[in-house]
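# Fold and contact review
The chain contents come next:
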Amino acid sequence: MLKNVFIKTFGCQMNERDSEIMGQILSSHGYVECNDMESADLVILNTCTIRAKAEQKVMSLLGALRKIKTQRPGMKICVAGCVAQQEGDHLIQRMPHVDLVLGTQNIYDLGTYIARTTETGRPVIATGMSKAFQIPAFLPTDREAIGSTGDLHPFRRFVTIMQGCDNYCSYCVVPYTRGREISRSAQDIVAEVRKFVDQGVKEITLLGQNVNSYGRKPNGTARPCSFPELLHQVAEIRGLHRLRFTTSHPKDLSNELIGCFRDIAILCPQFHLPVQSGSDAVLKRMNRHYTVADYLERVEALFACRPDLALTTDIIVGFPGETDEDFALTMDLLERVRFHGSFSFKYSDRPGVRSCNFDGKISEQVKSERLAIFQRRQDEISLERNGAYVGSRQEIMIESTGDSGFQGRTGTNHIVHVDQHTDLGPGDPLEVEIYHAGQHSLKGRFHPKH
Ligand code: SAM
Ligand code: SF4
C-alpha cells in the first residue's frame, strides 16, 4: 500500500531542488507526496541554517511534530539538509522523536536510510561527508514519479550544477554544511535539462553557490568546462525558451560570462550579484576578495553588455565592527548602483564560522535600524526602477490563469498581472504593454488579435 510523505522545504532554491529529488526517490519506495503534515506517514523537513532565524523555524516545527507523533507513534520524521548536517547526533539528543538525520551529501540514499529506521527501530544519523563525494550522474527528473499532489511549477525547473563552496566567507556556514565545491559534468547537466525539456519544461535555472567557479573541481573524471561554455551548451537544447542561473561571486565574474548576456539569446536579462557591503573594510573582514571599486567596474561591464539587465544583490547589515560610516558606504553603493531589488539581512552569528569570534558585535537594535533604513530606500528605488517599464512592451511567459485574468513573468523576472481573459496557458509567451508599476510587480495589458 502507498504511504504518504509530507516534505517541507526551508531556505534556498538548492533545497527546493533537493526536496524534489527526495520526493522522486521516495516514489520508487512506495510513497506519494501529500499536503497534510498531520496525517503523513513520513515527514521530511529539508532545512536551512544560514541565519539563526531559519534554524529556529525548524526547531519550532519539530516541537509541534513531537505532539503529533505522540498521537500517531507510527509517523516517521526525517530532518534533512543543513540543520541536519550541522547538528548531527545533537539533534537526536534535543529531539528524540526524530527518526532520521540526513546530511546534505546523503540525500541520494534516502530510501536506504528510511528502510534502516524501520529495520532497526532506532534513529539513524547519516551525516557523513567525504572529500571523494560525487553527485550522482543521473538525478531524478521523472514528472510521473512525483506523487499526486507534488506541486511542480508547470514549466520551470532548477538544475543543480555544483554542490558545496570553497570560498569561506567569514560569516557563512555553507562550506561547513554543504562541503567542498564540486561540479557535475556538463554532459550530465545537459542530459538532465534535455529530459526536462522533453517533458515540456521551458525555463531552466542553473544552481550553484558560486556558478562562476563551475568546472574548477569536476565530479570524477569528467572533462571540465567553464561556466560560459556550459551556458552555451545548455542554450543549444531545442525547446528551451529561457535560461537563468544563480549565484555569482563578484570576484570570479569573467568578461566571458558577461559576454554570454550578449551572445545567448535565451539567457534572461537578470543577474543576481551579491555585494554584501559597500565598505571595503567590511568586505575584507568578510573575506570576499573584492573591493567596492572592483564591484562597480563589473556592474558597469554588465550594463555595457546588456543595458536592459535587472540587477539584484544580497546585503548584510550589522556585520561585526560595522561603523555608522561603513553603513553609510553601503547606502552610498545603493544610490550608485540602484539595484532593481535586493535581499537584505541582519548579520547572524553562526556556529563555527570565523566572524563568531570577531570583536565589535552590533546590537540587535542598531541592526534592525540599519536594515529598516536600507530596505526603505531599496523599496523606493525598486518602485522607481519598475516605473521605467511603464509604457514599454515586454514578452512575458504565462505562469497561471484564473477567472479574473492571468499572471506572467518577464525575462527580467518581474511578475506581471493582466486582468484580461486569454485562451493561452502556462508556458505560453505573450507580448504585453506595461501600464502600472508597483514595488514588487507590474500590471500589463495585451491587444487581442481579431
Ligand atoms: N553563495 C551565495 C553568495 O555567495 O552570495 C549565497 C549564499 S547564502 C545562501 C545567501 C545569502 O545569505 C548571502 O549572500 C548572505 O547575504 C546571507 N548570509 C549568509 N550568511 C549570513 C549570516 N551569517 N548572517 C546574515 N546573512 C547571511
Ligand atoms: Fe557562503 Fe561565501 Fe560560499 Fe556564498 S560564496 S556560499 S556567501 S561562503
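Rules and cut-offs
- Residues numbered from 1 in each chain as written.
- Chains lettered and ligands numbered in written order.
- Predicted model: local features only at pLDDT ≥ 70, side-chain atom pairs only at ≥ 80, totals over all residues.
- Heavy atoms only, no water.
- pLDDT = per-residue confidence, 0-100.
- Contact = heavy atoms within 4.5 Å.
- Axes fitted to C-alpha atoms, helices over the stretch in contact; angles between N-to-C directions.
- Helix = DSSP H or I, 4+ residues; strand = E, 2+ residues; numbered from the N terminus.
- Parallel < 35°, antiparallel > 145°, perpendicular 65-115°, else oblique.
- Left-handed = near helix turned anticlockwise from the far one by under 90°.
- Nonpolar A, V, L, I, M, F, W, Y, C, P; charged D, E, K, R; others polar.
- Buried < 20%, exposed > 50% of the residue type's maximum accessible area, 1.4 Å probe, protein only.
- Arc of directions from axis to C-beta.
- Pairing = 2+ DSSP bridges.
- Near = heavy atom within 4 Å.
- Polar contact = N/O pair within 3.5 Å; in protein donor to acceptor, adjacent residues only side chain to side chain.
- Areas by Shrake-Rupley, 256 points an atom, 1.4 Å probe, with all protein chains shown as cover.
- Salt bridge = Lys/Arg side-chain N within 4 Å of Asp/Glu carboxyl O.

## As for the confidence of the model for the protein chain
Per-residue confidence for the protein chain gives a mean pLDDT of 93; residues scoring 70 or more make up 96%. Scored below 50 in pLDDT, residues 144-150 makes 12 contacts in the model with residues more than four places away or belonging to other chains.

## Describing the packing of helix 8 (residues 227-235) against helix 9 (residues 255-263)
Between helix 8 and helix 9, the shortest axis-to-axis distance is 8 Å and the interhelical angle comes to 20°. Taken together, the axis directions place helix 8 and helix 9 in an arrangement best described as roughly parallel. The element helix 8 and its partner helix 9 pack so that their crossing is right-handed. Mapping the contact onto sequence places Phe 227, Pro 228, Leu 231 and His 232 in helix 8 and Glu 256, Leu 257, Cys 260 and Asp 263 in helix 9. When grouped by side-chain class, the residues that make up the contact of helix 8 with helix 9 number five nonpolar, one polar and two charged.

## Considering helix 8
Within the sequence span of helix 8, burial applies to Phe 227, Pro 228, Leu 230, Leu 231 and Val 234. Each buried residue of helix 8 sits inside an arc of 155° when the element is viewed along its axis, so together they form one side. On its buried face, helix 8 is in contact with helix 7 (186-198), strand 10 (203-207), strand 11 (242-246) and helix 9.

## Thoughts on the sheet that holds strand 15 (residues 393-402)
If you trace the five strands once around the closed barrel, you get 15-16-17-19-18, paired in mixed fashion. Between one strand axis and the next, the sheet turns through 50° on average, direction left out of account. Bridge count between strand 15 and strand 16 (residues 405-410): six bridges; the pairing is antiparallel. The residue bridging Ile 396 from the neighbouring strand is Thr 410, located in strand 16.

## Quick word on the site of ligand 1
Taken together, 15 residues are adjacent to ligand 1, and Tyr 171, Gln 209, Gln 276, Asp 314 and Ser 348 come closest. At a separation of 2.8 Å, a nitrogen atom of ligand 1 approaches a polar backbone atom of Gln 209. One of the side-chain N or O atoms of Asp 314 is found 2.6 Å from an oxygen atom in ligand 1. About the coverage of ligand 1: the protein hides 90% of its 560 Å² of free accessible area. Those elements giving two or more residues to the shell around ligand 1 turn out to be strand 13 (310-317) and strand 14 (341-346). Split into classes, the residues belonging to the shell around ligand 1 amount to six nonpolar, four polar and five charged.

## Description of the pattern of salt bridges
Applying the stated criterion to the full structure yields 31 salt bridges. With its nearest N and O atoms 3.3 Å apart, the salt bridge here joins Arg 178 to Asp 18. Note that Arg 178 is positioned in the loop between helix 6 (174-177) and strand 9 (182-183) and Asp 18 in helix 1 (residues 13-27), a separation of 160 residues in sequence. Since its relative accessible area comes to 5%, Asp 18 is described here as buried.

## Some words on the sheet that holds strand 14
Strand order in the open sheet formed by three strands is 12-13-14, and the pairing between neighbours is parallel. Where the open sheet ends on each side, the last strands, each with one partner, are strand 12 (270-272) and strand 14. Neighbour-to-neighbour, the strand axes of the sheet open up by a mean angle of 15°, direction not taken into account. Inspection of the sheet shows strand 13 paired to strand 14 by six bridges, in the parallel sense. Across the sheet, residue Val 317 finds its bridge partner in strand 14, namely Lys 346. Docked against the sheet, helix 11 (residues 292-305) engages strand 12 and strand 13, running at close to 160° with respect to strand 13.

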